[in-house]
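If you want the building blocks of each chain, they are given just below.
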Amino acid sequence: MTTPAVLSPAEIRKLRPRLDAQIITPADAGYDAARAVYPAGIDHRPAVVIRPDRAEQVAQVVLLARETGMPLSVRGGGHSTVGHGVCDGGIMLDLAHMRALDIDVATRTAWVQAGMSAGEYTVAAEVHGLATGFGDTGTVGIGGLTLGGGIGYLVRKHGLTIDNLLAAEIVTADGRIRQVDENNHPDLFWAIRGGGGNFGVATRFRFRLHPVRSIVGGMLILPATAEVIRSFVAEAEAAPDELSTIANIMPAPPMPFLPEEQHGRLVLMATLCYAGPSEAGERVLAPFRALATPLADMLQTMPYSGLYPPEDEDFHPLAASHTMFVDTVGPAEAETILDFLHSSTAMMPAAQLRVLGGAMARVPAEATAFAHRQSRIMVNLAAIYEAADEAGVHEAWIRRFADAIRQRDHGAYVNLLGDEGPDRIRAAYPGRTWDRLRAIKAKYDPANLFRLNQNIPPGADG
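Residues numbered from 1 in each chain as written. Predicted model: local features only at pLDDT ≥ 70, side-chain atom pairs only at ≥ 80, totals over all residues. Heavy atoms only, no water.

(A) Expanded view of the overall build of the protein. Across its full length, the protein carries 13 helices and 19 strands. Radius of gyration (C-alpha) of the protein: 22 Å, near the 23 Å computed for a compact globule of 462 residues. Taken along the three principal axes of its C-alpha coordinates, the protein extends 65 × 55 × 45 Å. Burial analysis of the protein (462 residues in total) assigns 57% to the buried set. Accessible area of the protein: about 19,000 Å², with a carbon and sulfur share of 52%. Between the averaged position of the 41 positive side-chain charges in the protein and that of its 52 negative side-chain charges there is a distance of 7 Å. (Helix = DSSP H or I, 4+ residues; strand = E, 2+ residues; numbered from the N terminus. Rg over C-alpha atoms; globule rule 2.2 N^0.38 Å. Buried < 20%, exposed > 50% of the residue type's maximum accessible area, 1.4 Å probe, protein only. Areas by Shrake-Rupley, 256 points an atom, 1.4 Å probe, with all protein chains shown as cover. Lys, Arg positive; Asp, Glu negative; His and termini not counted. Charge placed at Lys NZ, Arg CZ, Asp CG, Glu CD.)

(B) The arrangement of the sheet that holds strand β2 (residues 48–51) in detail. One open sheet holds the 4 strands; their spatial order is β1-β2-β4-β3, and the pairing between them is mixed. The outermost strands of the open sheet, each flanked by one partner alone, are β1 (22–24) and β3 (72–75). On average, each strand axis in the sheet is tilted by 20° relative to the strand beside it, whichever way the strands run. One ladder, built from 3 bridges, connects β1 with β2; its direction is antiparallel. When the bridges of β2 are listed, I24 appears paired with V49. Contacting β1 and β2, helix α1 (residues 9–19) runs over the sheet at an angle of about 165° to β1. Against the sheet, helix α3 (residues 55–68) engages β2, β3 and β4 (91–94), with an angle of about 165° to β4. (Pairing = 2+ DSSP bridges. Axes fitted to C-alpha atoms, helices over the stretch in contact; angles between N-to-C directions. Contact = heavy atoms within 4.5 Å.)

(C) Expanded view of empty space enclosed by the protein. Under the definition given, this model contains 2 cavities of 30 Å³ or more. Considered as a void within the structure, the largest cavity measures approximately 50 Å³ in volume. Lining the largest cavity, in full, are I151, G152, Y153, V155, S244, T245, I246, R354, V355 and L356. For the lining of the largest cavity, the secondary-structure elements that each account for two or more residues are β13 (243–251) and β18 (348–355). For the lining of the largest cavity, the element with the highest residue contribution is β13, accounting for 3 residues. (1 Å grid on protein atoms, 1.4 Å probe; cavity = no way out; pocket = protein on both sides within 12 Å on 5 of 7 lines; lining within 4 Å. Points joined across faces, edges and corners; volume = space filled by probe spheres on them.)

(D) Here's a closer look at the packing of aromatic side chains. According to the stated counting rule, one finds 13 aromatic pairs in the structure shown. Arranged with centres 6.5 Å apart and planes meeting at 25°, the rings of Y429 and W434 form a pair that is stacked. Following the ring pairs from residue to residue traces out a cluster consisting of Y121, F134, F205 and F207. Sitting over the ring of W111, R204 keeps its end group 4.1 Å from the ring centre. Between the NZ or CZ atom of R436 and the centre of the ring of W190, over which it lies, the distance is 3.8 Å. (Phe/Tyr/Trp six-rings, centres within 6.5 Å; stacked < 30°, edge-to-face > 60°. Lys NZ or Arg CZ within 6 Å of the ring centre and 35° of its normal.)

(E) Region of the structure containing the packing of α1 against α3. Contact pair α1 / α3: the axes reach a minimum separation of 11 Å and the direction vectors enclose 145°. Considering how the two elements wind past one another, α1 and α3 form a crossing that is right-handed. Residue-level inspection shows L15, R18 and L19 of α1 in contact with α3, the latter providing Q57, Q60, V61, L64 and E67. Split into classes, the residues belonging to the contact of α1 with α3 amount to 4 nonpolar, 2 polar and 2 charged. (Left-handed = near helix turned anticlockwise from the far one by under 90°. Nonpolar A, V, L, I, M, F, W, Y, C, P; charged D, E, K, R; others polar.)

(F) Broad picture of the packing of helix α10 (residues 331–343) against helix α11 (residues 391–405). Packing of α10 against α11 brings their axes to within 10 Å, and their N-to-C directions diverge by 170°. Considering their axes alone, α10 and α11 lie roughly antiparallel with respect to each other. Residues T336, I337, F340, L341 and S343 of α10 touch α11, and the partners they reach there are W397, R400, F401, A404 and I405. (Parallel < 35°, antiparallel > 145°, perpendicular 65-115°, else oblique.)

(G) Up close: α11. The end-to-end C-alpha separation of α11 is 22 Å, in line with the 21 Å expected for 15 residues at 1.5 Å each. Among the residues making up α11, those that are buried are A391, H394, A396, W397, I398, F401, A402 and I405. Where α11 is buried, its residues meet β17 (318–326), α10, β18 and β19 (377–385). (Expected span 1.5 Å × (residues − 1).)

(H) Seen up close, the pattern of salt bridges. The tally for this structure, following the rule as stated, stands at 22 salt bridges. With a shortest N-O distance of 3.0 Å, R406 and D403 are connected by a salt bridge. (Salt bridge = Lys/Arg side-chain N within 4 Å of Asp/Glu carboxyl O.)

Everything listed here is a matter of coordinates, which is why it stays silent on function.
Right under this line is the structure:
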């Protein structure tokens, strides 16, 4: 195996005019801020951080990594659960300067660079009464989110983010800038819709926009009983496609609008998004309000961007987590969820339930590399804790919790995977999807340059 080269300070100085991009080294004042990512506990130190602003510069960085053999990480919003956006001793390609957005209102499409956040894009598109569905957090970069699928507040009405991806600009391992869509490099276009960052650096996306003048939704907090949990899921499954929901069962944080006696008690904290007329939305949301006397009811007609509230920049959690799919959440599953949450010693344990279906499920499984079209409910388990030496306890609790509620769907959503080994990556790409992705990987990245991700190794036969 070839030993990776290490760039000397003199060589890094030579890069500045060659790359015509911002270069940050360990000697620079902004180095620690540049290498910071969202999750706590990640302290990787890249040899150099390079911030390009266009695809040609990205191509130069890719070729530099290829020439030197140095590890290459690609940072979008920095939300990777395991910190894939930053590497030790290698080249960190940071897309922070690539945020240009061009909205064509007439065609309801947008070209956007991959370093923009979901919240920034949403606010800009909203000026025109338009939206593309991303995830549930505004600060997440659209690059990584899109490449893994994109499950958010419009998933039942308008599908996954990748279902609204019309084209992309990708820098592949050979340094070529490729324009990909259904007619140009269709195999690569198929692979990047769910296959993650395995096939190159996405520098621009062309998205479809939908008319979304406003939504009816927001936060609804209910007491967490088994019957409320079961009924919430049943109502979400029965609702029209215009409604997408995310329900978090968790101890109530000390929010000022919650009665003090509720702080720390288990609640169902839901975010609901009805993408349709206000009057119809009020009728659809009424059954959720009727499940129990709400502890907080903030459901209202609001801008779609209102679902992305301001975030605490200093919040960098240590967390154990697990993502999975289940078919049902009935009385037994609801009781199990409550029992496990009561038993946790974590600072903040949680079980998140997302009812899927709708537009997402109407796309054939083989149409994109995201193969979980018929999965019914996504469950995300988490335990946020305070000290690194607690990790083993909470990871064991997460494993027991997942085993207790596991059903016949053993799939996984790649965007929420942790560092869980090759079997779990394989679960994200079931059946023939895996073999097809490995063949495309062998074609476009045979040396596995893009390996700091949920990695798909190149197929041996190409």
